[in-house]
Amino acid sequence: DVKVTQSSRYLVKRTGEKVFLECVQDMDHENMFWYRQDPGLGLRLIYFSYDVKMKEKGDIPEGYSVSREKKERFSLILESASTNQTSMYLCASSLETGYNSPLHFGNGTRLTVT
Amino acid sequence: AQSVAQPEDQVNVAEGNPLTVKCTYSVSGNPYLFWYVQYPNRGLQFLLKYITGDNLVKGSYGFEAEFNKSQTSFHLKKPSALVSDSALYFCAVRRPGGGKLIFGQGTELSVKP
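A brief look at the structure comes next.

Analysis parameters
Residues numbered from 1 in each chain as written. Chains lettered and ligands numbered in written order. Predicted model: local features only at pLDDT ≥ 70, side-chain atom pairs only at ≥ 80, totals over all residues. Heavy atoms only, no water. Helix = DSSP H or I, 4+ residues; strand = E, 2+ residues; numbered from the N terminus. Rg over C-alpha atoms; globule rule 2.2 N^0.38 Å. Buried < 20%, exposed > 50% of the residue type's maximum accessible area, 1.4 Å probe, protein only. Disulfide = S-S within 2.5 Å. Core = buried A, V, L, I, M, F, W, Y, C linked by side-chain atoms within 4.5 Å. Contact = heavy atoms within 4.5 Å. Salt bridge = Lys/Arg side-chain N within 4 Å of Asp/Glu carboxyl O. Phe/Tyr/Trp six-rings, centres within 6.5 Å; stacked < 30°, edge-to-face > 60°. Lys NZ or Arg CZ within 6 Å of the ring centre and 35° of its normal.

## Points about the overall build of chain A
Per the secondary structure count, chain A includes zero helices and twelve strands. Secondary structure of chain A in N-to-C order comes out as β-β-β-β-β-β-β-β-β-β-β-β. Here chain A has a C-alpha radius of gyration of 13 Å; the compact-globule value for 114 residues is 13 Å, and the two agree. Principal axes of the C-alpha set define a box for chain A whose edges measure 40 × 30 × 25 Å. Here chain A, with 114 residues, has 47% of them falling under the buried criterion.

See the structure below:
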């Protein structure tokens, strides 16, 4: 089975801090994604990457950046955390072959910004 | 623009009864449709997908979904609900040829004994 591991289950940070959320997948997937999940809004795509050192903006990239230096690792960076970034963050990966490949998700990081 | 809607925030079902979680979509062309489930404090898990072919798709844990092109719907169904089916369910759509996967807002399924 594909395993997508997010390094932290819960994080509490202060406003203005730089925050790193780490994600690692073990199945050599080309595509990796960062979503945030908020009640009533479903999942919204922040950034995705289809190859090492490649990144594309999703629907809500403002206030975030990403890094993909190795194929298995995709990091989400909050340059200066704000309270409206309090949310559940989900990392996912998928194969590059075709657009019908399902996403494999990590267990999420619940971030609280105070 | 593509979109997906789950018209019910919550669905309540008695154990043993059939369940339906509704999903409608808007996308040009023939869509790729997915259902995911999220158990408490977990990430999403893939349940099933429709790409082409038979309109009735079978997936994990006894779930199935019916693609209805005329009604632009992809409802999730199970003949006999279990308490362990209680979870948050997400429908998602992607247009043919690529593009982002768009998720619905989720439906909370509660199955009572």
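## Overview of the state of the cysteines
Counting across every chain of the model gives two disulfides over all chains. Paired through a disulfide, cysteine 23 of chain A and cysteine 91 of chain A show a sulfur-sulfur distance of 1.9 Å. Taking the sign of the S-S torsion, -75° for the link of cysteine 23 of chain A and cysteine 91 of chain A, the bridge is left-handed. Of this pair, cysteine 23 of chain A sits in strand 4 (residues 23-25) while cysteine 91 of chain A sits in strand 10 (residues 87-94); the two residues are 68 residues apart in sequence, bridging distant segments of the chain. Comparing cysteine 23 of chain A with cysteine 91 of chain A, the two get one shared label, buried. Residue pairing for cysteine 23 of chain B: its cysteine sulfur links by disulfide to cysteine 91 of chain B, the two sulfurs lying 2.0 Å apart. Taking the torsion about the sulfur-sulfur bond, which here is approximately -65°, the covalent link between cysteine 23 of chain B and cysteine 91 of chain B counts as left-handed.

## Section: the nonpolar core
Within soluble globular proteins, side chains that are nonpolar generally end up buried alongside one another. Residues and elements named next belong to chain B. Trp35, Leu47, Leu48, Phe74, Leu76 and Tyr89 are the most contacted members of the largest nonpolar core, which totals 29 residues. At the level of secondary structure, the elements contributing two or more residues to this core comprise strand 2 (10-14), strand 3 (19-21), strand 5 (32-38), strand 6 (44-50), strand 8 (64-68), strand 9 (73-78), strand 10 (87-94) and strand 12 (107-112). In terms of residue count, the dominant contributor to this core is strand 10 (four residues). If near-sequence neighbours (up to four positions away) are discounted, leucine 47 is found in contact with Trp35, Tyr36, Val37, Gly59, Ser60, Tyr61, Phe63, Leu76 and Tyr89.

## A short note on the side chain of glutamine 85 of chain A
Tracing the backbone through its elements, the reader meets glutamine 85 of chain A in the loop between strand 9 (73-78) and strand 10. By relative accessible area, glutamine 85 of chain A is classed as buried at 4%.

## What about the pattern of salt bridges?
Residue and element names in this part refer to chain A. Evaluated as defined, the whole model comprises eight salt bridges over all chains. Here aspartate 28 makes a salt bridge to lysine 71, at a shortest N to O gap of 3.2 Å. With aspartate 28 in the loop between strand 4 and strand 5 (31-38) and lysine 71 in the loop between strand 8 (64-70) and strand 9, this pair connects stretches of sequence that are 43 residues apart. On the basis of relative accessible area, aspartate 28 is assigned to the exposed category, the value being 52%. The partner of arginine 44 in a salt bridge is aspartate 38, and the shortest N-O contact between them spans 2.8 Å. Classification of aspartate 38 as buried rests on a relative accessible area of 13%. Linked by salt bridges that have partners in common, Arg36, Asp38 and Arg44 make up one network.

## With respect to the packing of aromatic side chains
With the rule as written, the count across this model stands at 15 aromatic pairs over all chains. Aromatic ring contacts, followed pair by pair, group Phe33, Tyr35, Phe48 and Phe105 of chain A together with Phe34, Tyr36, Phe46, Phe90 and Phe103 of chain B into a single cluster. Above the ring of tyrosine 10 of chain A, the side-chain terminus of arginine 9 of chain A is found at 5.7 Å from the ring centroid. Over the ring of phenylalanine 63 of chain B we find lysine 78 of chain B; its NZ or CZ atom is 5.0 Å from the centre of that ring.

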